[in-house]
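Examining the three-dimensional arrangement
Now for the letters of each chain:
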Amino acid sequence: MKDLYKADYDNLPPDEKAAWNYDHYQRTRATIDKYFVSHGLDVALVVAMMERAKESDIRYSTMIRLIDAKLLLPFSEELSWLESLFADLFREVLRPLPNENKF
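None of these values were measured; they are calculated from a predicted model.

1. With respect to helix α3 (residues 22-35)
Helical periodicity: at 3.6 residues per turn, an α-helix aligns residues three or four positions apart in one direction. Along its 14 residues, α3 runs 20 Å from first to last C-alpha, staying within 8% of the 20 Å computed at 1.5 Å per residue. Where α3 is buried, its residues meet α1 (2-10) and α5 (59-70).

2. Details of the packing of aromatic side chains
Across all of its chains, the model carries three aromatic pairs by this definition. With a centroid separation of 5.4 Å and an interplanar angle of 50°, the aromatic rings of Y9 and Y25 are classed as tilted. One end of the pair, Y9, is in helix α1; the other, Y25, is in helix α3, and 16 residues separate them in sequence. Judged by its relative accessible area of 1%, Y25 is buried. When the centroid spacing of 5.4 Å and the interplanar angle of 85° are considered together, the rings of W20 and Y25 count as edge-to-face. Per residue, the accessibility class of W20 equals that of Y25, and both read buried. Taken together, the ring pairs in this structure connect Y9, W20, Y22 and Y25 into an aromatic cluster.

3. Quick look at the pattern of salt bridges
A complete count under the given rule lists six salt bridges for this structure. A salt bridge links K6 to D10; the nearest nitrogen and oxygen atoms lie 3.4 Å apart. Of this pair, K6 and D10 both sit in helix α1, four residues apart, roughly one helical turn. Judged by relative accessible area, K6 falls into the partly exposed class, the value being 37%. The network of salt bridges with shared partners includes K6, D10 and K17.

4. Section: the nonpolar core
If you look at the biggest cluster of nonpolar residues, it comprises 16 residues, and the most contacted ones within it are Y9, W20, Y25, I32, F36, V43 and I67. Of all elements in the fold, only α1, α3, α4 (41-53) and α5 reach the threshold of two or more residues within this core. A per-element tally of this core places α5 first, with four residues.

5. Brief notes about the environment of K70
Locating K70 in the fold gives a position in helix α5. Judged by relative accessible area, which is 34%, K70 ranks as partly exposed. Along the primary structure K70 and D33 are separated by 37 residues, whereas in three dimensions their C-alpha atoms are 7.8 Å apart. If sequence neighbours within four positions are ignored, K70 has contacts with I32, D33, F36 and V37.

Conventions and cut-offs
- Residues numbered from 1 in each chain as written.
- Predicted model: local features only at pLDDT ≥ 70, side-chain atom pairs only at ≥ 80, totals over all residues.
- Heavy atoms only, no water.
- Helix = DSSP H or I, 4+ residues; strand = E, 2+ residues; numbered from the N terminus.
- Expected span 1.5 Å × (residues − 1).
- Contact = heavy atoms within 4.5 Å.
- Phe/Tyr/Trp six-rings, centres within 6.5 Å; stacked < 30°, edge-to-face > 60°.
- Buried < 20%, exposed > 50% of the residue type's maximum accessible area, 1.4 Å probe, protein only.
- Salt bridge = Lys/Arg side-chain N within 4 Å of Asp/Glu carboxyl O.
- Core = buried A, V, L, I, M, F, W, Y, C linked by side-chain atoms within 4.5 Å.

Okay, here's the thing in structure tokens:
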């Protein structure tokens, strides 16, 4: 598996590869392989949170792509819609708060 992870790491787009340390990428890949075994509501929720976070950290784009590739089948339109709904919800609920008076 480590050879596969290394090859995938080497083939990342340049901007994503620059954001990753190889050891961290390898641990992340191993975690995705171990814990993301089926596409359900829990994965949709996690991916939606990553969709929100990818605006500030490009590594989440990599993780989303890895999860989607691993759990390609069965992929349902409903779960895709839920991911989008959750991402919109997180964007609204977790958006940065306006600056307040600082003491």
